[in-house]
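One-letter residues, chain by chain:
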Amino acid sequence: MLDQFVYKNHKKLRCGYTTGVCAAAATKAAARMLFTGGQVKEIEIAVPKGISLELEVLDIKKGDGFVSCAVKKDAGDDADCTDGILVYSSVQRAEGGITV
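So, a few notes on the structure that sits alongside this text.

Criteria and cut-off values
Residues numbered from 1 in each chain as written. Predicted model: local features only at pLDDT ≥ 70, side-chain atom pairs only at ≥ 80, totals over all residues. Heavy atoms only, no water. Core = buried A, V, L, I, M, F, W, Y, C linked by side-chain atoms within 4.5 Å. Buried < 20%, exposed > 50% of the residue type's maximum accessible area, 1.4 Å probe, protein only. Helix = DSSP H or I, 4+ residues; strand = E, 2+ residues; numbered from the N terminus. Contact = heavy atoms within 4.5 Å. Salt bridge = Lys/Arg side-chain N within 4 Å of Asp/Glu carboxyl O. Pairing = 2+ DSSP bridges. Patch = residues over 30% accessible without salt bridge, like charges linked within 9 Å, V, L, I, M, F, W, Y side chains within 5 Å. Areas by Shrake-Rupley, 256 points an atom, 1.4 Å probe, with all protein chains shown as cover. Lys, Arg positive; Asp, Glu negative; His and termini not counted. Charge placed at Lys NZ, Arg CZ, Asp CG, Glu CD.

1. What about the nonpolar core?
Counting 22 residues, the largest nonpolar core has Val21, Ala29, Met33, Leu53, Leu55, Val57 and Cys69 as its most contacted members. Going through the elements one at a time, helix H1 (19–36), strand E3 (42–46), strand E4 (52–56), strand E6 (66–72) and strand E7 (86–94) are the ones with two or more residues in this core. Counting residues per element, this core draws most heavily on H1, at 9 residues. With sequence-adjacent residues up to four places away left out, Cys69 is seen in contact with Ala26, Ala29, Ala30, Met33, Val57, Leu58, Asp59, Ile60, Val87, Tyr88 and Ser89.

Written out as structure tokens, the structure is:
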């Protein structure tokens, strides 16, 4: 959970994070697990405003040369239809590099 707030129409609203932040965090976690072979339960990611987030990594799946996982979207108090969804990323080994 992000402990940042903004005021909108004289109301204090808790900030959330974007779908893109969730996708980047899930990709970072999947890549780390693929290359280290370890398990990642939380991943740190910096957002463009310079805030560092620790996000929980969910629904981890490992297979022959790939790792898939998700991060749960938190839209904050100004929520939209993406609030609470799982944003997935899959990273796999490929000839000459990786495929995301």
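The discussion continues.
2. Quick look at the pattern of salt bridges
What the rule picks out here adds up to 1 salt bridge. Here Lys61 ties to Asp59 by a salt bridge, and the two come within 2.8 Å at their closest N and O atoms.

3. Some thoughts on the pairing of E4
Taking every second residue as pointing to the same face, the buried face of E4 carries Leu53 and Leu55, while none of Ser52, Glu54 and Glu56 on the other face is buried. As defined by bridge partners, E3 adjoins E4 across 5 bridges and the pair is classed as antiparallel. Note that in E4 the partner of Ile43 across the bridge is Leu55.

4. Describing a negative patch on the surface
Residues Glu42, Glu44, Glu54 and Glu56 make up a contiguous surface patch of negative charge. At the level of secondary structure, the elements contributing two or more residues to the negative patch comprise E3 and E4. When you line up the elements, Glu44 lands in strand E3. Using a relative accessible area of 43% as the deciding quantity, one classes Glu44 as partly exposed.

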